[in-house]
Amino acid sequence: MKETLRFPAKFFWGAATSSFQVEGGIENCDWAEAAREGKLPLIGSACDHYNRFEHDFDLAQSLGHNSHRFSIEWARIEPEEGRFDEKEIEHYRNVLQALRTRGIEPFITIWHFSLPIWFSESGGFEKRKDAPEIFARYSAHVAEKLGDLCDHFSTINEPLPYVSNGWRRGTWPPFKKWPLIDLIGVAAYTNVEKAKENIGFKNIFGYFKVLHALGKAHNAAYDAIKKVRPSLDVGIISHVIYFHSNANPINKLFAKIMNWHFNHHFLSHVQTKIDSIGLNYYFHRKFGDKAVYDKTDMGWDVYPEGIRGALNILKRYNKPIYISEAGIADATDRIRSEYIRKLVIGVYGAIQDGMNVKGFMYWSLLDNYELAHGYSKRFGLIHIDFITQQRTIRPSAFVYKNICETNTIEIDHG
Ligand code: BGC
């Protein structure tokens, strides 16, 4: 028996990207600098999206998308401390106009991992006491200049993965590691010699210091944005991991502690200054679980149904939620269609559970620079040939298109 599940009216369907992962040509950010030093794969021209965004949005429109999430590159807008580049503001205004003329609702992320070199080299969020104010000034500038073309802004993408990879695992700038981390099986993607220099107990303090500074930065940015444009929807992007366990009380306790630190710790500091939450879902971790899962190209468990539990974790905040990212690295497109279908069914389930979910943005529209993995992992609905810049729509994108266009998903009860 077939059943058609219908989503609420005006539901947002689309895909997401981030500036330095797709634009190309950004040389003045900390990731580009680290790549030049041999600590990360080179970024180069990525998908050349900076020049090809109109064509990419034509493709998104042809795939039935009515929303799109992207980020602003801080290093473009504020290339030197306190100097804002109006030409780059104009670029992002053109991006927003291009979305609007295609009937695609924009969602802006103000900062997605990469920092201007002047900011990271002068201490960044770890050492500069005025970091929250600096971030708030940049955020207010972006909101003031772009807020007439976009209603939805998020300040920070995924504070927890940012500090975990930068100050604990040492895989992202500034490559700081906790001692003994290798013993618990974390792969080092970085130049080992350089990474070794950054191992130390002080990085445990650095981790919590940066997390705390990011909370202050978000809160300051929220106030600064509301001052210039009170009507904007201002949120945070949260990477939510679905921790669950078997019936064993010890495992239950582990799941509870991890859930608190990874999912609630940061949110509890900013919850009075958010209008909405963007949820990024990739992982679950079941304590005491012996099951063997199929793996994505990242080596992560294939467990899309966990998105329902992840959404329910946010119940206590009582805010509108956008799925700002969920997706799979699957170069051959072997499991992406089914993965998307299960994600969407999970979101529908969460809506039945009472969660106020307003939209779903697949990660990612395009294959892109997958952080420390460079171009080797492919999340895109659209395949990119990084030599010719040829775009090819993957079959799974058409399965998603049907969901976007009908605002429904059909399930077969067999
Ligand atoms: C990040 C993206 C990244 C994706 C896949 C998310 O946590 O926001 O930048 O590409 O995960 O790893």
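**Focus: the packing of aromatic side chains**
Going through the model one piece at a time under the given rule, you end up with 41 aromatic pairs. A ring pair is formed by Phe20 and Trp31, whose centres lie 5.1 Å apart and whose planes are at 45°; its orientation type is tilted. One end of the pair, Phe20, is in helix H1 (residues 19-22); the other, Trp31, is in helix H2 (residues 30-36), with 11 residues separating them in the sequence. The class of Phe20 is buried, set by a relative accessible area of 1%. In this arrangement the basic side chain of Arg76 is found over the ring face of Tyr50, its NZ or CZ atom lying 3.9 Å from the centre. Lying across the ring of Trp178, Arg168 places its NZ or CZ 5.9 Å from the centre.

**Description of the sheet that holds strand S2 (residues 12-16)**
With parallel pairing, 8 strands are arranged side by side around a closed barrel as S2-S3-S4-S5-S6-S8-S10-S11. Each strand axis lies, on average, 25° off the axis of its neighbour in the sheet, ignoring direction. In this sheet, strand S10 (residues 321-326) lies alongside strand S8 (residues 276-281) in parallel orientation, the contact comprising 5 bridges. Residue Leu279 lies in a different strand from S10, and its bridge partner there is Ile323. Lying on the sheet, helix H8 (residues 131-146) is in contact with strand S4 (105-111) and strand S5 (152-157); it crosses S4 at an angle near 160°. Where helix H9 (residues 159-167) meets the sheet, it contacts S4, S5 and strand S6 (233-239), and its direction lies at approximately 45° from that of S6.

Calculation criteria
Residues numbered from 1 in each chain as written. Predicted model: local features only at pLDDT ≥ 70, side-chain atom pairs only at ≥ 80, totals over all residues. Heavy atoms only, no water. Phe/Tyr/Trp six-rings, centres within 6.5 Å; stacked < 30°, edge-to-face > 60°. Helix = DSSP H or I, 4+ residues; strand = E, 2+ residues; numbered from the N terminus. Buried < 20%, exposed > 50% of the residue type's maximum accessible area, 1.4 Å probe, protein only. Lys NZ or Arg CZ within 6 Å of the ring centre and 35° of its normal. Pairing = 2+ DSSP bridges. Axes fitted to C-alpha atoms, helices over the stretch in contact; angles between N-to-C directions. Contact = heavy atoms within 4.5 Å.

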